[in-house]
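# Structural features, examined
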Amino acid sequence: MNNKHKPTTASPAPALKRRGFLGSLLATAAGGALATIATPGQAAARAEVALDRAKWAMRNHELVAQMIAEHGRLAPGYQSGKRPYAVFDWDNTSIMNDCEEALLMYQINTLSFKLSPAEFAAIIRQNVPPGPFSKDFKNAAGNVVDLDAICTDLDADYAYLHASYKGLAGSQSLEEVTRSVEFQDFRAKLYYLYEAVNDTHGVNVGYPWVIYFFANMSVAEVSALAEASNDAALGAALSKVKYTSPAERPGRAGVVSVSHFHGIRLCTEVATLMDSLRRNGIDVYVCTASLEDVVAVFATQPKYGYDVARENVIGLRLERNGDRLRNAYLKDWPLTWGPGKTVAIKQVLVAQKGYGPIFVAGDSDGDYDMLRDFPETQYGLIVNRMKNGKIGELSKLAADQISAAKPRFLLQGRQESTGNWLPVETSIKYGKTTPQLLTS
């Protein structure tokens, strides 16, 4: 997932310091002075790695190409039995936006559940502390919404939809049933509940909770659902849509509103970097805070262009009954967010190889730990979302190192309205036109 939700103990962002940034950024935008000077031999080696220039910030491209040349299969001392490797976050790093959140909305819009009303009622309450949500989650009347009230409303909505929709237990078509006020209430309140659970109780509660809705599905069914969601989101406009529950069906929670950022975009630069790494003898892994089976569809299918091996995708995991997923997180498997990403990489990769990744890419607090925890990592690339919190601290370090000869962290700009990278370190937020280096 894109890790937009803050952990309950997130630290405040450091103050913004802009000393020396402007000249450096102007030089980058002008195509000049920040790239390191290459000897003819270094230039030839970097040409051999064939890392597509695309929309990389110039200096980032130069440094990453040099890293591949110095550690890839053509480098002196390269050992095929001790191959270096890179680890990428998925949501909002390898793609624009969040495939797990897109799938939740797609699952809601298509009523793709295999749950009885009793099972659904249990899951929406599972492991969520009772009581009111944070003060940010108020209804239209200005009252803070609580778990019991919104779950009671969702119980009634889902019972109606389950009895009505022919894909569950009824006779109505999807088009017919989604015109109902019960469906409109269900969509707004279930997505609202997802946001409220994460922002109030943190991702350690919210991220397992949202994948419990796949209970009773086979891995093949989840994969097919994820592919359909991916394809729909790739064809949709990038747009923030506000959903409000119907005034004529206030229920106990009242009228609530929630926004969802629709649309997904592929990232050409990440896909071509993955390809260049593999061709140069550097293995590629994905470590995600989304369900591993969901991201595997995106990362491995040739039509999406990333071509990651299935066994190289690491993410959230559920218990299974045979091939059927259960609404239970896999025992003794770390939650692959924040510190859990480092734990998983150590457990799966370092334990096998004896060393950490040479390169790590991420975008949010959920990637903070893996970006900085391994002494072998030469570069931590941060897709610049101008965020506060722990990733804001690393982003500031990267900004301070823009003109350094040997930076540890790299900032890569992106335009959120298109999903495309920008050839600079600054980014442009959705709905804005002014490039920004750090959060203000």
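One structure accompanies this document, and this report is about it. Bear in mind the structure is a predicted one, so any value in this text is a computation, not a measurement.

### Let's talk about the overall build of the protein chain
For the protein chain, the helix and strand inventory stands at 15 helices and 14 strands. When the 440 residues of the protein chain are sorted by exposure, 56% land in the buried category. A sequence separation of at least 24 residues applies to 71% of the contacts in the protein chain between residues at least 6 apart.

### Quick notes on the nonpolar core
Grouped together as the largest cluster of nonpolar side chains are 128 residues, with contacts concentrated most on Leu-190, Leu-193 and Phe-359. Ignoring sequence-local partners within four residues, the contact set of Leu-193 consists of Ile-124, Phe-133, Leu-147, Ile-150, Cys-151, Leu-154 and Trp-209.

### Considering helix H8 (residues 181–201)
In this model, H8 (21 residues) spans 29 Å end to end at C-alpha, consistent with the 30 Å of a helix rising 1.5 Å per residue. Where burial is concerned, most of H8 is hidden: 18 out of the 21 residues are buried. One or two positions beyond H8, positive phi appears at Gly-202, with a value near 90 degrees.

### Quick notes on helix H11 (residues 268–279)
Taking 1.5 Å per residue as the helical rise, H11 with its twelve residues ought to reach 16 Å, and the 16 Å between its terminal C-alpha atoms agrees with that figure. Every buried residue belonging to H11 is among Glu-269, Val-270, Ala-271, Leu-273, Met-274, Ser-276 and Leu-277, and all of these are buried.

### Digging into the sheet that holds strand S11 (residues 379–383)
Two pairing modes exist for strands in a sheet, parallel and antiparallel, and in both the strands are linked by backbone hydrogen bonds. In spatial order, the strands read S7-S6-S1-S10-S11-S12; together these six strands make up an open sheet with parallel pairing. The strands lining the two open edges of the sheet, one partner per strand, are strand S7 (313–316) and strand S12 (409–412). Sheet twist, expressed as the average angle between the axes of neighbouring strands with direction ignored, equals 15 degrees. When strand S10 (residues 359–362) meets S11, the two strands line up parallel, connected through four bridges. Note on S11: the bridge partner recorded for Val-360 is Gly-380.

### Comments concerning the pattern of salt bridges
Enumeration according to the criterion identifies 24 salt bridges in this entry. The partner of Glu-175 in a salt bridge is Arg-179, with the nearest N and O atoms 3.7 Å apart. Summarising the burial analysis for this pair, Glu-175 and Arg-179 share the class exposed. Several salt bridges converge on common partners, so that one network encompasses Asp-153, Asp-157, Glu-182, Asp-185, Lys-189 and Arg-249.

### Examining the environment of Leu-318
Looking at where Leu-318 falls in the secondary structure, it is placed in strand S8 (residues 318–321). The contact partners of Leu-318, leaving out residues within four places of it in the chain, are Ile-211, Tyr-212, Leu-291, Leu-325, Arg-326, Ala-328, Tyr-329 and Leu-330.

### Comments concerning the side chain of Lys-341
With respect to the helices, strands and loops of the structure, Lys-341 is situated in helix H13 (residues 339–353). When its relative accessible area of 0% is taken as the criterion, Lys-341 is described as buried.

Cut-offs applied
- Residues numbered from 1 in each chain as written.
- Predicted model: local features only at pLDDT ≥ 70, side-chain atom pairs only at ≥ 80, totals over all residues.
- Heavy atoms only, no water.
- Helix = DSSP H or I, 4+ residues; strand = E, 2+ residues; numbered from the N terminus.
- Buried < 20%, exposed > 50% of the residue type's maximum accessible area, 1.4 Å probe, protein only.
- Contact = heavy atoms within 4.5 Å.
- Core = buried A, V, L, I, M, F, W, Y, C linked by side-chain atoms within 4.5 Å.
- Expected span 1.5 Å × (residues − 1).
- Pairing = 2+ DSSP bridges.
- Axes fitted to C-alpha atoms, helices over the stretch in contact; angles between N-to-C directions.
- Salt bridge = Lys/Arg side-chain N within 4 Å of Asp/Glu carboxyl O.

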